[in-house]
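# Overview (structure and organization)
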Amino acid sequence: ALTGLVTWLVSVNMGMVVNIVLALIYSSITAAYPVYMHGRFGQTFGKFFVRVKVVGFDGSRISYRQAALRDFVPCLLAPVTMWYTLHQVILGELP
């Protein structure tokens, strides 16, 4: 498996490999950012500026588990959308 990966990396355009690595990093950050911010501070930077805070039913700060459940759909959709767009760029259908 590792030999096949190395062979593929050598034969593929390095620009595409860089794009894939950057896409993986971006997907991870996109999924982790809201969960971390809501779990740690109860708000993202945008919510901070408009003075909105995410709290539990009792008014306390939500847990990381609650934050992950709250942000499950956006965290799932953002990387899927990004990967679809990356796929379209690789195929040459988008500039």
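Right, let's walk through the structure included here. Predicted model only: the values in this text are computed from it and were never measured.

## Observations concerning the overall build of the protein chain
Each helix and strand in the protein chain was counted, giving five helices and zero strands. Starting at the N terminus, the α and β elements of the protein chain follow one another as α-α-α-α-α. The buried share among the 95 residues of the protein chain stands at 23%. Within the protein chain, contacts between residues at least 6 apart in sequence are counted, and of these 50% link residues at least 24 apart. For the protein chain, the accessible surface area stands at approximately 7100 Å², while carbon and sulfur atoms represent 71% of it.

## So, the packing of aromatic side chains
For the structure on display, the rule yields four aromatic pairs. Consider the rings of Phe 48 and Phe 49, whose centres lie 5.7 Å apart with planes at 70°: the pair is edge-to-face. Taken together through their ring pairs, the aromatic side chains of Tyr 36, Phe 41 and Tyr 64 make up a single cluster.

## Digging into a nonpolar patch on the surface
Residues Val 18, Val 21, Leu 22, Ile 25, Ile 29, Tyr 33, Phe 45, Phe 48, Phe 49, Val 50 and Val 52 make up a contiguous nonpolar surface patch of roughly 1100 Å² in combined accessible area. At the level of secondary structure, the elements contributing two or more residues to the nonpolar patch comprise α2 (14-40) and α3 (45-49). In terms of residues, the nonpolar patch owes the most to one element, α2, which gives six residues. As for its position among the elements, Val 18 is in helix α2.

## Quick look at the pattern of salt bridges
For the structure on display, the rule yields one salt bridge. Of the charged contacts in the structure, one is a salt bridge between Asp 71 and Arg 70, with a shortest N-O distance of 3.1 Å. Residue class for Asp 71 comes out buried when judged on its relative accessible area of 5%.

## Topic: unusual backbone geometry
Despite not being glycine, Arg 51 shows a phi value in the positive range, around 60°. Mapped onto the elements, Arg 51 comes out in the loop between α3 and α4 (64-70). Look at Arg 51 and you get exposed, because its relative accessible area is 78%.

## As for helix α5 (residues 72-91)
Along an α-helix, a turn takes 3.6 residues, which lines up residues three or four apart on a common side. Spanning 20 residues, α5 covers 29 Å between terminal C-alpha atoms, matching the ideal 28 Å at 1.5 Å per step. Of the positions making up α5, those classed as buried are Cys 75, Pro 79, Met 82, Leu 86 and Gln 88. One or two positions beyond α5, positive phi appears at Gly 92, with a value near 85°.

## Topic: the side chain of Thr 44
In this structure, Thr 44 sits in the loop between α2 and α3. For Thr 44, a relative accessible area of 11% gives the class buried. Among all residues touching Thr 44, those that are not within four sequence positions of it are Tyr 33, Pro 34, Met 37 and His 38.

Procedures and definitions
- Residues numbered from 1 in each chain as written.
- Predicted model: local features only at pLDDT ≥ 70, side-chain atom pairs only at ≥ 80, totals over all residues.
- Heavy atoms only, no water.
- Helix = DSSP H or I, 4+ residues; strand = E, 2+ residues; numbered from the N terminus.
- Buried < 20%, exposed > 50% of the residue type's maximum accessible area, 1.4 Å probe, protein only.
- Contact = heavy atoms within 4.5 Å.
- Areas by Shrake-Rupley, 256 points an atom, 1.4 Å probe, with all protein chains shown as cover.
- Phe/Tyr/Trp six-rings, centres within 6.5 Å; stacked < 30°, edge-to-face > 60°.
- Patch = residues over 30% accessible without salt bridge, like charges linked within 9 Å, V, L, I, M, F, W, Y side chains within 5 Å.
- Salt bridge = Lys/Arg side-chain N within 4 Å of Asp/Glu carboxyl O.
- Expected span 1.5 Å × (residues − 1).

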